[in-house]
Amino acid sequence: MSRRGEKNLLIGLDIGTSKVACLVGELKADDTIEIVGIGTHPSRGIKKGVVVDIESTVQSIQRAVEEAELMAGCEIHSVHAGIAGSHIRSLNSHGITAIKEREVSQADVDRVIDAARAVAIPADQKILHILPQEFIIDDQEGIREPIGMCGVRLEARVHMVTGAVSAAQNIVKCIRRCGLEVDDLVLEQLSSSYAVLGEDEKELGVCLVDIGGGTTDLAVFTDGAIRHTAVIPIAGDQVTNDIAVALRTPTQYAEQIKIKHACALSRLAGSGETIEVPSIGERPARRLARQTLAEVVEPRYEELLDLLKAELRRSGFEDLVAGGVVLTGGSSKMDGLLDLAEEVFHMPVRLGIPQYLTGMEEVIRNPIHSTGVGLLIYARQHRFARRPPMSEARGIKAIWERMRSWFQGSF
Ligand SMILES: Nc1ncnc2c1ncn2[C@@H]1O[C@H](COP(=O)(O)OP(=O)(O)OP(=O)(O)O)[C@@H](O)[C@H]1O
Ligand SMILES: [Mg+2]
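Residues numbered from 1 in each chain as written. Chains lettered and ligands numbered in written order. Predicted model: local features only at pLDDT ≥ 70, side-chain atom pairs only at ≥ 80, totals over all residues. Heavy atoms only, no water.

A. Region of interest: the packing of helix α6 (residues 236-246) against helix α7 (residues 251-261). The contact between α6 and α7 brings their axes to 8 Å, and the two run at 110°. Taken together, the axes of α6 and α7 lie roughly perpendicular to each other. You can see that α6 and α7 cross each other, and the crossing is right-handed. Packed against α6, whose contacting residues are Gly236, Val239, Thr240, Ile243 and Ala244, the element α7 presents Thr251, Ala254, Glu255 and Lys258 at the interface. (Axes fitted to C-alpha atoms, helices over the stretch in contact; angles between N-to-C directions. Helix = DSSP H or I, 4+ residues; strand = E, 2+ residues; numbered from the N terminus. Parallel < 35°, antiparallel > 145°, perpendicular 65-115°, else oblique. Left-handed = near helix turned anticlockwise from the far one by under 90°. Contact = heavy atoms within 4.5 Å.)

B. Quick look at the domain arrangement of the protein. Per the domain assignment, the segments of the protein are domain 1 (6-86 + 165-197 + 354-404) and domain 2 (89-163). Put simply, the middle of domain 1 and the middle of domain 2, counted by C-alpha atoms, are 27 Å apart. The partner domain 2 presents 23 residues to the 15 residues of domain 1 that form the contact. A buried area of about 1500 Å², summed over both sides, lies between domain 1 and domain 2, and 58% of it is on carbon and sulfur atoms. In this structure, the connection of domain 1 to domain 2 is made through 0 salt bridges. Grouping the amino acids of the side of domain 1 that touches domain 2 by side-chain chemistry returns 10 nonpolar, 2 polar and 3 charged. (Domains from an automatic or database assignment. Buried area = accessible area lost by both parts, 1.4 Å probe. Salt bridge = Lys/Arg side-chain N within 4 Å of Asp/Glu carboxyl O. Nonpolar A, V, L, I, M, F, W, Y, C, P; charged D, E, K, R; others polar.)

C. Broad picture of the pairing of strand β12 (residues 206-211). Most of β12 sits inside the fold, with 6 of its 6 residues counted as buried. Of the two faces of β12, the one lined by Val206, Leu208 and Asp210 and the one lined by Cys207, Val209 and Ile211 are each fully buried. One ladder, built from 6 bridges, connects β12 with strand β13 (residues 216-222); its direction is antiparallel. What sits directly across from Val206, in β13, is Phe221. Taking the residues that link successive antiparallel strands as the turn, the β12-β13 hairpin has 4 residues. Of the pairings in the sheet, the one linking β12 to strand β17 (residues 325-328) comprises 4 bridges and is parallel in character. Looking at β17, one finds that Asp210 is bridged to Thr328. (Buried < 20%, exposed > 50% of the residue type's maximum accessible area, 1.4 Å probe, protein only. Pairing = 2+ DSSP bridges.)

D. Region of the structure containing the confidence of the model for the protein. Averaged over every residue, the pLDDT of the protein is 90; residues scoring 70 or more account for 91%. Ignoring residues within four places in sequence, the model shows residues 385-396, a span with pLDDT below 50, making 31 contacts including any to other chains. (pLDDT = per-residue confidence, 0-100.)

E. Representation of the pattern of salt bridges. This structure, assessed with the given rule, holds 22 salt bridges. Arg176 is paired through a salt bridge with Glu181; the nearest N and O atoms lie 3.2 Å apart. Relative accessible area serves as the criterion here: at 24%, Arg176 is assigned to the partly exposed category. With relative accessibility at 37%, the residue Glu181 sits in the partly exposed group. Glu273 is the partner of Arg290 in a salt bridge, and the nearest nitrogen-oxygen pair spans 3.2 Å.

F. The environment of Glu67, seen in detail. Following the sequence through the fold, Glu67 ends up in helix α1 (residues 54-72). Its relative accessible area of 37% is what places Glu67 among the partly exposed residues. Residues Glu67 and Val363 lie 296 residues apart in sequence; the distance between their C-alpha atoms is 14 Å. Setting aside residues up to four positions removed in sequence, Glu67 forms contacts with Ile38, Gly39 and Thr40.

G. Structural detail: helix α2 (residues 106-116). By the burial criterion, the buried members of α2 are Asp108, Val109, Val112, Ile113 and Ala116. Seen from one end, α2 has its buried residues packed into an arc of 135°, which puts them on one side. Buried residues in α2 make contact with β7 (89-98), β8 (125-137) and β10 (153-164). (Arc of directions from axis to C-beta.)

H. Broad picture of the sheet that holds strand β11 (residues 181-187). Read from one edge of the open sheet, 5 strands run β3-β2-β1-β6-β11, paired in mixed fashion. Looking along the sheet, the strands with just one partner apiece sit at the ends: β3 (33-42) and β11. Geometrically, the sheet is characterised by an average inter-axis angle of 20° between neighbouring strands, direction not taken into account. Examined bridge by bridge, strand β2 (residues 19-27) and β3 share 9 bridges and lie antiparallel to one another. Paired with Val24 across the strands is Gly37, a residue of β3. Relative to the sheet, helix α4 (residues 188-196) contacts β1 (9-15), β6 (78-83) and β11, its axis offset from that of β11 by approximately 85°.

I. Representation of the packing of aromatic side chains in the model. This structure, assessed with the given rule, holds 1 aromatic pair. Ring geometry for Tyr194 and Tyr378: centres 5.6 Å apart, planes at 85°, overall edge-to-face. Note that Tyr194 is positioned in helix α4 and Tyr378 in helix α11 (residues 370-384), a separation of 184 residues in sequence. Across this residue pair, the class does not change: Tyr194 and Tyr378 are buried. (Phe/Tyr/Trp six-rings, centres within 6.5 Å; stacked < 30°, edge-to-face > 60°.)

Here it is as structure tokens:
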């Protein structure tokens, strides 16, 4: 069945609260990625980004992977998977070491990163990522690539992301039950950032917000490096739920009404427009003003944006994100949201649509697929980099050590 060279395939598995998406990318000779297959299936068994029902999750993953295999004409053996949920914690840390041979080597970089990771984290949490922000040699700050430089003392500033051991093990368990290996688990907003943010934006300072079904994930970048991450357990599902309760209609209709007619700014909804709302039980359908629907949706989005603004302020980066805010994820497609967000943040806000790869544009250029597309770009960077990139200074061996620790005890 395998018609494509497996070595050139990159697989991203986005296990979201609303859908599981499996993306197959083919790495071309010129280092670009072409999407050659995609499979999506409604997600059952995930709540707010974490696995709550293993059997249902396994089935959803299996369907999505089979569909992607069929479309790409390949067999999938291992995947890069996303991880999110309110168990995710992050902190900035700092390490110092002496430079052994007066010139910084990979061993010195490994040592200083090890020193930076030596902070007490709760016993039920494990390190997911150690993302170097900058290196300092003697008193010179802002060094991105220290190898080969001279000095006596090397310091590293890093952003550390940790996650609950049990949550990560459950994801790994579900994927392995489908007969697949996990190449790496990647924080979802980090992954989305690869798909929607430009290097110049990350340099200038930008706040990325991925509003999905169950969680809203935030990541702040300044000076080209990730500085802050957070997860807020409010997203599109709450909006659907609010509509179902306020309009007294079953959830599946509430979801349809939301996608077709809802608007996050009630003043944008024309007062004359009406929509048909199916009722619960045998009662006949009713007609309601579209503005009434917008009045239900607006406060929930406003609450979410206020929480995001408070988080940005708490992180201390509010004044440093000159590039503004980038919204992505399925729930960022809501009509009027960009205007509402600009009013709340007092900053420029744009929609983040996946970029930087080719093939199946009409499917891929959708904020729903930011995490999936980002996983492919992350996979390319970490598999084919000639030298370890900034975000994985410790290289492939470290990934394996980390993955092994997730696997332990997962069966
Ligand atoms: N056109 C649209 N307008 C508003 N909301 C939409 C639209 N299309 C999809 N959504 C909402 O987007 C959400 C799904 O987004 P997405 O696929 O990014 O979530 P997910 O990745 O499965 O979930 P999570 O990342 O939270 O685990 C659903 O709540 C859905 O109602
Ligand atoms: Mg998502």
